[in-house]
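Close look at the chain arrangement
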Amino acid sequence: MHRGSCLCGTVRYEVDGDLPPPYLCHCQRCRKAHGGAFAAVITVPAAAFRFVGGEEMLGDFYQAESTLHRVFCKNCGSPILSRRDTLPDLVRIRAGSLDTPYAVKPASHIFVGSKADWFDIRDTAPQYAERAS
Ligand SMILES: [Zn+2]
Ligand SMILES: [Zn+2]
């Protein structure tokens, strides 16, 4: 089992089982949402994920054109996960929120076609211009 939390510690969660390696999304929306070069995203079954604290503090940023919900802590602003209306059985945890050991290498880079000019990818994980096919 893994555990995670937001920066202020209000929002806390648990995930059952082992976690797959993250993919790194370099799209501009993720860069803005995370304030960094990319979002590190771990896809897990929704049934394996649960909040164990701070649910009343969750914000849900939703853009009607995308079906994507970006869920964050309203107190400290930390991104926690995203989920899609079209994929209700999955949640996509933000790897930076994990508190338990997670010694893996990134699985892939996506949306490399729109990555930040100021960041160079220096690992050997597969790169995709947009989504992985
Ligand atoms: Zn917080
Ligand atoms: Zn993205």
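Each remark here, short or long, concerns the structure printed above.
Residues numbered from 1 in each chain as written. Chains lettered and ligands numbered in written order. Predicted model: local features only at pLDDT ≥ 70, side-chain atom pairs only at ≥ 80, totals over all residues. Heavy atoms only, no water.

1. Notes on the coordination of the zinc ion (ligand 1)
Taken together, C6 (SG), C8 (SG), C73 (SG) and C76 (SG) make up the protein donors of the zinc ion (ligand 1), found 2.3 to 2.4 Å from the metal. In this structure, the zinc ion (ligand 1) is surrounded by four donor atoms whose angles at the metal cover 104 to 115°, and the resulting shape is tetrahedral. Between consecutive donors of the zinc ion (ligand 1), the numbers of intervening residues give the motif C-x1-C-x64-C-x2-C. Separated by 65 residues along the polypeptide, C8 in the loop between β1 (2–5) and β2 (12–15) and C73 in strand β7 (residues 68–73) bring together distant segments of the chain. In this structure C8 comes out as partly exposed when scored by relative accessible area, which is 34%. (Donors = N, O, S within 2.8 Å, 3.2 Å for Na, K, Ca; no water. Tetrahedral: all angles 85-135°; square planar, octahedral: opposite > 155°, others 65-115°. Helix = DSSP H or I, 4+ residues; strand = E, 2+ residues; numbered from the N terminus. Buried < 20%, exposed > 50% of the residue type's maximum accessible area, 1.4 Å probe, protein only.)

2. Re the sheet that holds β1
Across the sheet, three strands lie side by side as β1-β2-β5; this open sheet has antiparallel pairing. One side of each edge strand has no neighbouring strand; the edge strands of this open sheet are β1 and β5 (49–53). Within the sheet, the average angular offset between the axes of one strand and its neighbour, ignoring direction, is 25°. (Pairing = 2+ DSSP bridges. Axes fitted to C-alpha atoms, helices over the stretch in contact; angles between N-to-C directions.)

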